[in-house]
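Residues per chain are reported as follows:
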Amino acid sequence: MTALPETMQALVVSAPSQMSIQEVPVPVPGRNEVLARVRAVSICGTDAHLIHGDYPGFWPPAFPFIPGHEWAGEIAALGPGADLYGWRVGDRVAGTSHDACGVCQKCVEGQYNLCENYGKPGLHKQYGHNQQGADATYVVQGVKTIFRLPDALSFDDGALVDPASIALHVANRGGVRPGDTVAITGAGTIGMLAGDAALIRGAGRVIVVGRGYRLAKAGAMGFETVDSSAVDAVATVRAMTGGLGADVALECAGVPEMVNAALGMLRRGGRCAAVGIPTVGVEIGMQRLVLDELELVGSRASAGEMRRVMPHVEQGRIRIREMVTHRFTLAQYQQAIDTFNDRASGAIKIIVNP
Ligand SMILES: [Zn+2]
Ligand SMILES: [Zn+2]
């Protein structure tokens, strides 16, 4: 094993929208943790919000902070105990963010995304959210949050396994069944990957509702599309489904009008799973929800889908490579985030290679 450096390059956000690349100490892995050399990290909408200071005191709890949670790389050092779980220096891995306590009843029952010790020091970490993340040449993560990367997947691919797992989770939460018509509101990365996840679960039709170049991308990927900037999306989806509506809606936009649109598109007895997080309260039509027995469920991160999505990513059924529009080095992070935030850039997914 080659000697590790004592310092590394990291993106340090010192205050909202204030960031620089700094030389900081390489973190030391604790019990059941590994130190990984980060080879690729992808920019998520959450990163943009967090850097902008949209979740004060929560994500991150305080500045300065190193974000980044969708990454892949190779293990550079093992903390005590990590070897007992089969990990070795040099192993290629993809990371995810929720390092839950593993002991509360939600964790024991497999819903570690709902850990009842969320954010409690010493019990729960969410990398790149309330714990230092992967926008650096090295990151420390617990063994529960790393997954072996198949040889056929590059590190750039590996950085998109986390969002792919979130897309599979929302399709699972939607309970998509073979032959279902699935409407997806929001043509971002999660929306498009959720379309693929719905197909994996057997959807007969996938209709993506969105706008602009991202909707064009969804169309190019073979999904039926509805341009919400040009037509009444609810009426159009209902017309496309013989007036009946979609069996399942996956709400991936996170804006109030799209939450209502997703519910409005549902067939009687339909189910909407929401992964988009509106920043304000949303008024929903309870009469129709009750009288048509609609279901509305939340979908947070993933819980077990990292392993389950990996073969679908590897075999090209979840088309992560279609999402990547730009690549930058870590030193170019400011340019990368500016490109991500610029709707005219055509950006969908941006990969940063530290
Ligand atoms: Zn993310
Ligand atoms: Zn827990």
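Residues numbered from 1 in each chain as written. Chains lettered and ligands numbered in written order. Predicted model: local features only at pLDDT ≥ 70, side-chain atom pairs only at ≥ 80, totals over all residues. Heavy atoms only, no water.

A. Here's a closer look at the coordination of the zinc ion (ligand 2). Surrounding the zinc ion (ligand 2) are the protein donor atoms C101 (SG), C104 (SG), C107 (SG) and C115 (SG), which sit 2.3 to 2.4 Å from the metal. Mapped onto the sequence, the residues coordinating the zinc ion (ligand 2) show the spacing C-x2-C-x2-C-x7-C. Taking relative accessible area as the criterion, C107 reaches 10% and is therefore assigned buried. (Donors = N, O, S within 2.8 Å, 3.2 Å for Na, K, Ca; no water. Buried < 20%, exposed > 50% of the residue type's maximum accessible area, 1.4 Å probe, protein only.)

B. Highlighting the pairing of strand β11 (residues 205-210). Counted residue by residue, β11 has 5 buried out of 6 residues, so it is predominantly covered. Handedness of the crossover joining strand β10 (residues 181-185) and β11 through helix α5 (residues 189-200) is recorded here as right-handed. Pairing analysis gives 4 bridges linking β11 to strand β12 (residues 224-227), with the strands arranged parallel. Of the residues in β12, the one forming a bridge with V208 is T225. (Helix = DSSP H or I, 4+ residues; strand = E, 2+ residues; numbered from the N terminus. Right-handed = clockwise from strand over helix to strand, strands pointing away. Pairing = 2+ DSSP bridges.)

C. Representation of the packing of helix α4 (residues 161-174) against helix α10 (residues 305-314) within the structure. At their nearest, the axes of α4 and α10 sit 9 Å apart, and the two run at 105° to each other. When the interaxial angle is binned, α4 and α10 end up roughly perpendicular. Here α4 contributes V161, D162, A164, S165, L168, H169 and N172 to the contact with α10, which in turn contributes E305, M306, R308, V309, M310 and V313. (Axes fitted to C-alpha atoms, helices over the stretch in contact; angles between N-to-C directions. Parallel < 35°, antiparallel > 145°, perpendicular 65-115°, else oblique. Contact = heavy atoms within 4.5 Å.)

D. Quick peek at the packing of aromatic side chains. Tallied over the full model, the rule gives 3 aromatic pairs. For the ring pair F58 and W59, a centre distance of 5.0 Å and an interplane angle of 20° mean the geometry is stacked. Taking the relative accessible area as the measure of exposure, W59 reaches 10% and is therefore buried. Aromatic ring contacts, followed pair by pair, group Y55, F58, W59 and Y118 into a single cluster. Above the face of the Y138 ring, R37 is positioned so that its terminal group lies 5.9 Å from the ring centre. Its guanidinium or amino end placed over the ring of F155, R92 lies 4.7 Å from that ring's centre, counting from NZ or CZ. (Phe/Tyr/Trp six-rings, centres within 6.5 Å; stacked < 30°, edge-to-face > 60°. Lys NZ or Arg CZ within 6 Å of the ring centre and 35° of its normal.)

E. Layout of the environment of V139. By secondary structure assignment, the location of V139 is in strand β8 (residues 138-142). Sequence spacing of V139 and Y127 is 12 residues, and the spatial spacing of their C-alpha atoms is 9.2 Å. In contact with V139, other than residues within four places in its own chain, are V34, L35, A36, V38, W71, Q132, G133 and A134.

F. View of unusual backbone geometry. Following W59, the chain continues into P60 via a peptide bond in cis, with omega recorded as -5°. As for its placement among the helices and strands, P60 is situated in the loop between α1 (45-52) and β4 (70-78). Omega for the bond connecting F63 with P64 falls within 30 degrees of zero, at 0°, which places this linkage in the cis form. Positive phi outside glycine occurs at N32, with the angle close to 60°. Within the secondary structure, N32 is located in the loop between β2 (18-25) and β3 (33-42). Overall, the relative accessible area of 25% leaves N32 in the partly exposed class. One non-glycine residue, E293, adopts positive backbone phi at about 50°.

Note that all results are geometric; they support no functional claim without further evidence.
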